[in-house]
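# Geometric and topological summary
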Amino acid sequence: MEVAIFSSTPYERKFLDEANKAGHHKLRYLDVQLGPDTVGLAAGFGAVCIFVNDKADAPTLEALHRGGTRLLALRCTGFNNVDLEAAARLGIKVVRVVTYSPNSVAEFAVALLLAINRKVHRAYNRTRDSNFSLDGLIGFDLFGKTVAVVGTGKIGCVFAQIMIGFGCDVIGYDPYHSAEFEALGGRYAKPGEIGSKADIVSLHCPLTPETHHIINADMLRRSKPGALLINTSRGALIDTEAVIEALKSGQLGGLAIDVYEQESSLFFRDLSNEIIQDDVMQRLVSFPNVIVTGHQAYLTREALTTICETTLQSVTAFEKNEPLENEVKAS
Ligand code: NAD
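Just so you know, these numbers come straight off a predicted model, no measurement behind them.

We note that the domain assignment places domain 1 (2-100 + 300-319) and domain 2 (102-292) within the protein chain. Taken together, the twelve residues of domain 1 in the interface contact ten residues of domain 2. In total, about 940 Å² of surface goes out of reach between domain 1 and domain 2, with carbon and sulfur atoms giving 53% of it. The tally of links between domain 1 and domain 2 comes to zero salt bridges. Counting across the domain 1 and domain 2 interface gives three residue pairs in polar contact (both at pLDDT 80 or more). Tallied by class, the residues present in the side of domain 1 that touches domain 2 amount to six nonpolar, six polar and no charged.

Here is the structure:
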């Protein structure tokens, strides 16, 4: 099948070519994002493959449909960037990668937590400048601290397991309770407990209308002073302006994020020669107690291999009219 692959990067192409080494599909790599202005590039492609910041809203899907696209394959887990109802109305099937490596994201969340708590980012910069002072680098022991896991699905459970290994008390918040989370030693929080008890909050829930700005001014006001916040899930779970205020007042002790609400105009490209117009991002990166990474939590060899193999398996299944195991439908 002919597949137009939007937002493709050189490092991903290697894994996609490897997954397609039998040559079943004809892959056309495009480095632009899918959206109303670029959708014309997909004309004539039966399948279109997109990533987290491509935009598959109703007008884009309608244009894809007019161009002959009948399959939209997401090479990611989250599908908040797709209008599933419009896709269903147009008869465009949508598939995603339901699971690839929860370990990749959970381990990265731990890396962010360790770095922000023990100021590794600052120490790294200092020693490169021959500054071996330890002033301002005091962290705290994770052992015995309370870690709140918001979203106790696949990634949340791996993260919880690692934190339990550190000797933390792990509390969870999720409308659907997971036996796996409890078997690991996590317990579900009582109302208000996340805010009042957690020394660390790590977000692992999907972005939905219910979880949009789940971290907001009110929640931050009720949180334990000096708590650390980690977000490897989706940027819009956090009201960034409210978080900036909480960082300024010291109510929030540190922030480490791999995702950002306005990331689609920044992430996955080198803007080092440009003047960044996003003042909120510029404010964020000016804090000594903030780490921002560019949506790389999934970026391991194992995860990329599974993502690319699963995506092309779904394209093959669609071509052969076989059941689509990874189909995602409007609820
Ligand atoms: P999952 O479906 O296994 O788990 C998500 C959990 O969130 C579920 O248990 C669900 O019940 C829970 N949830 C739903 N609504 C909630 C709410 N209102 N409050 C609290 N919990 C709620 O998904 P997963 O594989 O663990 O992935 C979690 C998220 O991680 C994805 O949705 C995606 O946004 C993000 N992600 C990020 C990266 C990255 O590279 N940064 C990579 C993969 C996934």
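Attention shifts here to the packing of aromatic side chains. Inspection of every chain in the model, using the stated rule, returns three aromatic pairs. Both rings, one in Phe181 and one in Tyr188, keep their centres 4.9 Å apart while their planes meet at 50 degrees; by these two values the pair is tilted. For the pair shown, Phe181 and Tyr188 are each scored as buried. Among the aromatic residues, those joined into a cluster by ring pairs are Phe51, Phe268 and Tyr298. Above the face of the Phe287 ring, Arg283 is positioned so that its terminal group lies 4.3 Å from the ring centre.

On to the sheet that holds strand 3 (residues 47-50), then. One open sheet accounts for five strands, arranged 2-1-3-4-5; its pairing is parallel. Strands at the two margins of the open sheet, each flanked by one partner only, are strand 2 (26-29) and strand 5 (93-95). On average, each strand axis in the sheet is inclined to that of its neighbour by 20 degrees, with strand direction left out of account. The sheet contact formed by strand 1 (residues 2-5) and strand 3 spans three bridges and is parallel. Bridge assignment links Ile5 to a residue of strand 3, and that residue is Cys49. Of the strands in this sheet, strand 1 and strand 2 are in contact with helix 1 (residues 10-19), which crosses strand 2 at around 175 degrees.

Further remarks concern the site of the ligand. Close to the ligand lie 23 residues; Tyr100, Lys154, Ile155, Asp174 and Thr232 are nearest. Residue Gly153 places a main-chain N or O atom 3.4 Å away from an oxygen atom belonging to the ligand. With respect to the ligand, the backbone of Thr232 contributes an N or O atom lying 2.9 Å from a nitrogen atom.

With that settled, the discussion passes to the pattern of salt bridges. Close approach of charged atoms allows side chains of opposite charge to pair. All chains considered together, the criterion is met by twelve salt bridges. Across the pair Glu62 and Arg89 runs a salt bridge, and its minimum N-O distance is 3.7 Å. Of this pair, Glu62 sits in helix 2 (residues 58-66) while Arg89 sits in helix 3 (residues 84-90), and the two are 27 residues apart along the sequence. Since its relative accessible area comes to 28%, Glu62 is described here as partly exposed. Judged by its relative accessible area of 57%, Arg89 falls in the exposed class. Note that Lys197 is salt-bridged to Glu193, the shortest N-O span being 3.0 Å. Highlighted residues: Lys197 and Glu193, both in helix 8 (residues 193-197), separated by four residues, approximately one helical turn. Through salt bridges with shared partners, one network takes in Asp169, Arg187, Glu193 and Lys197.

Definitions and cut-offs
- Within each chain, residue numbers correspond to sequence positions counted from 1 in written order.
- Given that the model is predicted, a residue must reach a pLDDT of at least 70 before its local features are reported, and side-chain atom pairs must reach 80 or more before they are shown or counted; all residues, however, enter totals for whole chains, interfaces and linings.
- In computing side-chain values, all of the structure's heavy atoms are included and hydrogens and water are not.
- What fixes the domain bounds is an automatic or database domain assignment.
- Contacts: residue pairs with any heavy atoms within 4.5 Å of one another.
- Buried area: the accessible surface (1.4 Å probe) lost by two parts on joining, summed over both.
- Salt bridges are identified by distance alone: a Lys or Arg side-chain nitrogen within 4 Å of an Asp or Glu carboxyl oxygen.
- By the criterion applied in these results, polar contacts are pairs of N or O atoms within 3.5 Å in which, for protein atoms, one can donate a hydrogen and the other can accept it, and in which residues neighboring in sequence qualify only through two side-chain atoms.
- Classification convention: Asp, Glu, Lys, Arg as charged; Ala, Val, Leu, Ile, Met, Phe, Trp, Tyr, Cys, Pro as nonpolar; all other residues, Gly among them, as polar.
- Geometry of aromatic contacts follows a simple scheme: Phe, Tyr and Trp rings, the Trp one being its six-membered ring, pair when their centres are within 6.5 Å, and the pair is stacked under 30 degrees between planes, edge-to-face over 60, tilted otherwise.
- Buried residues are those whose accessible area, probed at 1.4 Å on protein chains only, stays under 20% of the maximum for their type, while exposed residues exceed 50% and partly exposed ones sit between those limits.
- Either the NZ atom of lysine or the CZ atom of arginine qualifies as a charge over a ring when it sits within 6 Å of the ring centre and within 35 degrees of the ring normal.
- Two strands qualify as a pair provided that DSSP identifies no fewer than 2 bridges between them.
- Starting at the N terminus, helices and strands are each numbered in turn, a helix being any DSSP run of H or I of at least four residues and a strand any DSSP run of E of at least two.
- Interaxial angles span 0 to 180 degrees and are taken between N-to-C directions of axes, which are lines fitted to C-alpha atoms, for helices over the stretch in contact.
- We call a residue near a given molecule or strand whenever any one of its heavy atoms falls within 4 Å of it.

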